[in-house]
Amino acid sequence: MQIQNIPTQSLSRDQGAIELERLAKEIAYHDYLYYTLAEPTISDEAYDALRLRNQEIEKLFPDLRRIDSPSHRVGSPPAPEFEKVKHRRPMLSLDNAFSEKDVYDFVARIRRFLKLLENQKIPFVAEPKIDGLSASLHYQKGQFVLGATRGDGQEGENITANLKTIRDVPLLLQGESCPENLEIRGEVYMSRSDFKILNQKRTANGEQAFANPRNAAAGSLRQLDPTITSQRPLKFFAYTYDALSGSRDQTHMEILNSLKSWGFSVNPEIELCEDEASLLIFYNRLQNLRPSLDYEIDGIVYKVNDLKLQQRLGSIGRSPRHSLAHKFAAEQAETILADIGIQVGRTGVLTPVAILEPVLVGGVMVSRASLHNEDEIKRKDIRIGDTVIIQRAGDVIPQVVGPVLSKRPEQSHPFVFPNQCPVCNGPVEQESGLVAKRCMGGFNCQAQAIERLRYFVSRDAFDIEGLGEKHLENFYNDGLIRNPVDIFTLFERDKQSLDPLRTKEGWGSLSARNLFEAIEKRRKISLDRFIYALGIPQVGQVTARLLAKHYKTIDAFLLATSEDLLSIEGIGLNMAGDIINFIQAPEQIELISNLKKRLSIEPYFEEISRKSLLTGKTIVFTGTLTSLSRGEAKAQAERMGAKVGGSVSSKTDYLIAGSDAGGKLKLAKELGIKILDENQWLEIVHEESDTA
């Protein structure tokens, strides 16, 4: 007897479980035929009947609802907030190219890194860069179990329920060959035609229209209520996967074919290119095709096709060496420069801002654009009242290209840059050799203080909910928070205050308690996030992580020397100078000391799946290597858990000496450091590869 012929109300619990499993697989298969292949084999009525039966059985046995249940497509109860998800492997961002020269330079760097001949061809896969939102999807035994946003690349937000509502995200993978533990990465987007219909509906309902498809997709994907997401026409293109085991694919093209066989939509405009010229031909063809596509693209992504070469190339900072995003030329428009305002940033830099008559550029309404600095205004001779050309660099950042001189008003005059801070009226200085002018007021300048505080509590730093710019500004004006230390003394001071926070306008007992709890949760912080939160000039997330990885503890970092900093791969002379100046400045020493008393700054800990001979060791390379480039050798050392230094010191554990080694080799011998030649180094690498 076939269970599907038994009326729903007559099903036993065991029969219901069997039937729900069958329905999940059958509906997933028909979703694949309809949404991925556009080749449905049953009528809409027959498909609806399958979904209705699934719904009836789940209503009869609610606890039998499956992870891959088709009912997830219509959403689930709202979530109070998104949970954090740590990515198994970082979701890296791509370096950008804006010219043909950039593309040739990119390929040349790969040849140098891999030590290939200048004319040796490297096959690449070229694919459109979808203007959407990156997402990571985890499958176990073919079932979709977890989905997350890119976030900061290390940690994203759990949006599993929302991703389940997207019709071309398979809840159950097709085929029998998919690895048991699988992570899919791709792009969530909204088609142009669906975007147009959605905005027409919103306008008809008196709602504000979305600015562009990407904003619409972003707003839809990050809804706390998945039922709202389910009503938005989102789509998903998969572009790669990562499997813990069970993968046999050797090239990126094979990965794309596997994705299609498992039920994912893969962009149809993808091509295998054998050299730089082929990449540029593809780029030009897609640029011409761009207006006719039903989805937004902002460039082309080039990826080395050979996965073994990808692995050898690895990544630098937050970008893989094997891939590049070649962006399309920016769209331009003309408008009037109504005024030039001056913004004061968190480091005191005065930045001129163009106040524009609003104009549509590349689908986005632009009313402000950075003018960068005084020299830029003089070089371009930009004046208030000018008709100016505006473009969005990389289709993102608005910038002023220059004035249309033929339309310049007769009474115009050059802009005079202020010599006092427009916020605190304090003195403005220009450091030797630098273009920028800087207000020296520090935390005494309201603009700097609020920007520094906002940076300190931002998502990638302390991530304190409830301390937005408006609240920080009010707290600053009321004298409650003037520097980061005040954040962590706010609760104690509030308990003793005659005018507690809960009595202030816009606050109540619940909102005040929520803020204090949010602050309390952040008294423990990782070293890299703490370093980032300090706002050291030139130190972003990547450099903060490098510093944390090198020094391990906050006390060790505060004792950093210029020589030691320069030994860290990726830190140059100017950056080292900024770091030393910051950590040795009396006001910063006092600030950090007071923060340490109130916080638990966790030592840096790097998860290493397996230890090697070189884990935690400091290695320096010198001389010429014949079988591989210096860059690849350094990448090999880092993959084995070693720290790569730039200079030899008593802290160096190994010196790898190639031919023509000079002063570093001599110093290493004097210090009694263990020295390996190239062959000995390769033996270690091969031994570690064999045991991996």
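In case you missed it, the structure is sitting above this.
The shown structure was predicted, so the numbers you read here are calculated from the model rather than taken from an experiment.

**Q** Describe the packing of helix 3 (residues 100-114) against helix 9 (residues 276-289), with residues and values.
**A** Running from N to C, helix 3 and helix 9 cross one another at 145°; their axes reach a closest spacing of 10 Å. Note on packing geometry: the crossing formed by helix 3 with helix 9 is right-handed. Across from Glu100, Val103, Tyr104, Val107 and Arg111 in helix 3, the residues of helix 9 making contact are Glu276, Ala277, Leu279 and Leu280. Broken down by class, the residue content of the contact of helix 3 with helix 9 amounts to 6 nonpolar, no polar and 3 charged.

**Q** Got a sec to walk through the packing of aromatic side chains? Specific residues and values, please.
**A** The full count for this structure, using the stated rule, is 19 aromatic pairs. Centroid distance Tyr189 to Tyr295: 6.1 Å. Interplanar angle 70°. Geometry classified as edge-to-face. Residue Tyr189 is found in strand 7 (residues 181-190), and its partner Tyr295 is found in the loop between helix 9 and strand 10 (297-304); the two are separated by 106 residues along the sequence. Comparing Tyr189 with Tyr295, the two get one shared label, buried. Ring centres of Phe456 and Phe462 lie 4.3 Å apart, and the angle between their planes is 20°; this geometry places the pair in the stacked category. Under the relative-accessibility criterion, Phe462 is labelled buried at 1%. Each residue in the set Tyr139, Phe144, Phe236 and Phe264 is aromatic and connected to the rest through ring pairs, giving one cluster. When the ring centre of Phe443 is taken as reference, the NZ or CZ atom of Arg452 above it lies at 5.0 Å.

**Q** Help me get a handle on the nonpolar core, residues and values and all.
**A** Counting 53 residues, the largest nonpolar core has Ile487, Phe530, Leu547 and Leu565 as the members making the most contacts within it. A per-element tally of this core places helix 20 (residues 573-584) first, with 6 residues. Ranked by size, the runner-up nonpolar core spans 37 residues in total, among them Val125, Leu198, Phe236 and Phe264.

**Q** Which residues make up the pairing of strand 3 (residues 124-130), and what values go with them?
**A** Counted residue by residue, strand 3 has 6 buried out of 7 residues, so it is predominantly covered. The pairing of strand 3 with strand 9 (residues 271-273) spans 3 bridges and is classified as antiparallel. By the bridge assignment, Val125 is partnered in strand 9 with Leu272. Taken together, the 6 bridges between strand 3 and strand 10 define a ladder with antiparallel strand orientation. Bridged to Val125 within strand 10 is Lys303.

**Q** Give me the lowdown on the sheet that holds strand 8 (residues 234-243), citing residues and values where you can.
**A** One open sheet holds the 4 strands; their spatial order is 5-4-7-8, and the pairing between them is antiparallel. Looking at strand neighbours, the two that pair on one side only are strand 5 (143-149) and strand 8, the edges of this open sheet. When strand polarity is set aside, the average angle formed by the axes of neighbouring strands in this sheet is 30°. Against the sheet, helix 8 (residues 252-261) engages strand 7 and strand 8, with an angle of about 125° to strand 8.

Rules and cut-offs
Residues numbered from 1 in each chain as written. Predicted model: local features only at pLDDT ≥ 70, side-chain atom pairs only at ≥ 80, totals over all residues. Heavy atoms only, no water. Axes fitted to C-alpha atoms, helices over the stretch in contact; angles between N-to-C directions. Helix = DSSP H or I, 4+ residues; strand = E, 2+ residues; numbered from the N terminus. Left-handed = near helix turned anticlockwise from the far one by under 90°. Contact = heavy atoms within 4.5 Å. Nonpolar A, V, L, I, M, F, W, Y, C, P; charged D, E, K, R; others polar. Phe/Tyr/Trp six-rings, centres within 6.5 Å; stacked < 30°, edge-to-face > 60°. Buried < 20%, exposed > 50% of the residue type's maximum accessible area, 1.4 Å probe, protein only. Lys NZ or Arg CZ within 6 Å of the ring centre and 35° of its normal. Core = buried A, V, L, I, M, F, W, Y, C linked by side-chain atoms within 4.5 Å. Pairing = 2+ DSSP bridges.

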